[in-house]
Amino acid sequence: MKAYRDVLRTPGVASLLVLGFLARIPFSTLSLLLTLHAVTTLDRSYLEAGLVVTAATLGTAISSPLRGRLIDTRGLRRAVAPSIVVQSSALIAAAFVPFVPMVLLALLSGLFALPIFSIVRTSLSVLVPASSRRTAFSLDSVATEFVFMTGPAAVTVMALWIGTGPTLVIVGLAVGVAGIGLALANPPTRSDQVMLPTRLPGPLQSMEDGALAASEGLADKRFSETLTTGSIPVVDPDTRASARRGLLTLGGLAILVATATSSLILTATDVSLVAMLRDLDAAGMIGPIISIWCLGSAIGGISYGMLRSDIGSLWVVGLLGVLTIPIALVHTVPTIALACFLAGLACAPSITATGEAISHRVPEEARGEAMGWHGSAMTIGGAVGGPAIGAVIDAAGPNWGIGTAGLLGVLIAGGGIVAMRAHRARVRHRLRERFASA
């Protein structure tokens, strides 16, 4: 546990993790609360309720990179100020309007979603050195697991007690409070905002990030040349201002696809578990089974954060697919619980590994935008996973639904690994040819 002690002793890390935990609670409840409000209060179908959630999800997917870029270019406070006003107001207004305006307000809420994920991950990447980033991200992933274990359950009780309308108002106000808390705390998102002995000077920090990216097999040509020649690259400031340069490459796209795939698997597991347990006439076990799954994820996240050896993010996503498939092969509540616990061991590591890999691919000045793209990939994966796996469940049953998601994760991760190995072989070949002709 020394790695965790060292990270938690770093000034600013513990308070940032606590702030991120509290700020995420209202956001963990939104999908469930919007669904409950549409179905119970507005008396709409689950399909129509899904449209509300899809609108909010679409808005978030669009806005995440833009909000992250605002953090990079304008600073945290200017990035969160519109979210505090617009998202909070949209959620409060949604409690008092009919269905169609509610869909539009959900979209508006997503477009101005508070970029908590980008803020926390960007700040962590500044506060700790690149070599400790996996441990810090793992702590954040585990904290997020506990958020999703408590937030949705609490809002369900509140909605049943006082109604979904008043609950939406409370959650909307909580979103505003979360934004104000982030603005007041103003955690650093650039290394020039904090002076820590664990940070290297600017160019050398990029070298360290590049070395870690290369050891994961995810370095681009620029980092490969840097490691080969031993020189510090001179990067044009204009090219450092955007995350797209580091992500719109084979390696970057592979990580984004893997991120979306891992989110699809998690959503598919959620949906399939509900269907499986309802088929077994054990709907009352849905909450406990999902909690067991989250417990496995927390344990896996803690264990992954203690690893010192480098494991490529594609391998971790492939492992998530492999461990998810057995859930499709069991047919009793105890065996489902055991299979979910084992599958959970790779959930938090998959989120940590992909976020860590993306953070190493971009310069610090564009890391907020990069974390926004990571959040968008997760959002898109979840949005696609729900209806796609739902269609498989309708056609062939819940076991086929979760099995399909796991198999898809294995195939995509395996294909990405093969493609990256071929790419690295071509890069090495070009480098050898260049040095041979020099």
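Here we summarise the structure given alongside this text. (Residues numbered from 1 in each chain as written. Predicted model: local features only at pLDDT ≥ 70, side-chain atom pairs only at ≥ 80, totals over all residues. Heavy atoms only, no water.)

## Quick notes on the packing of aromatic side chains
Per the counting criterion, the structure on display carries zero aromatic pairs. Stacked on the ring of F137, the Lys or Arg R121 has its end atom at 4.6 Å from the ring centre. (Phe/Tyr/Trp six-rings, centres within 6.5 Å; stacked < 30°, edge-to-face > 60°. Lys NZ or Arg CZ within 6 Å of the ring centre and 35° of its normal.)

## Brief notes about the nonpolar core
One finds I289, I327, I336 and C340 to be the most contacted residues of the largest nonpolar core, which totals 28 residues. Where this core is concerned, the elements lending two or more residues are α14 (250-279), α15 (286-306), α17 (333-344), α18 (347-361), α19 (367-396) and α20 (398-437). The dominant element in this core, judged by the number of residues it contributes, is α14, at eight residues. Discounting residues that sit within four places of it in the chain, C340 has contacts with L273, I289, W293 and I327. Counting residues in each nonpolar core, the second largest holds 25 residues, with A79, I84, L127 and A183 among its members. (Core = buried A, V, L, I, M, F, W, Y, C linked by side-chain atoms within 4.5 Å. Buried < 20%, exposed > 50% of the residue type's maximum accessible area, 1.4 Å probe, protein only. Helix = DSSP H or I, 4+ residues; strand = E, 2+ residues; numbered from the N terminus. Contact = heavy atoms within 4.5 Å.)

## Details of the state of the cysteines
Evaluation of the coordinates by the stated rule reveals zero disulfides. Looking at C347, it has no disulfide partner, and the nearest cysteine sulfur is the one in C294, 7.9 Å off. (Disulfide = S-S within 2.5 Å.)

## Here we look at the side chain of S262
Considering the arrangement of structural elements, one finds S262 in helix α14. At 2.7 Å, the side chain of S262 forms a polar contact with the backbone oxygen of T259. The contacts of S262, once residues within four sequence positions are left out, are V317, L320 and S350. (Polar contact = N/O pair within 3.5 Å; in protein donor to acceptor, adjacent residues only side chain to side chain.)

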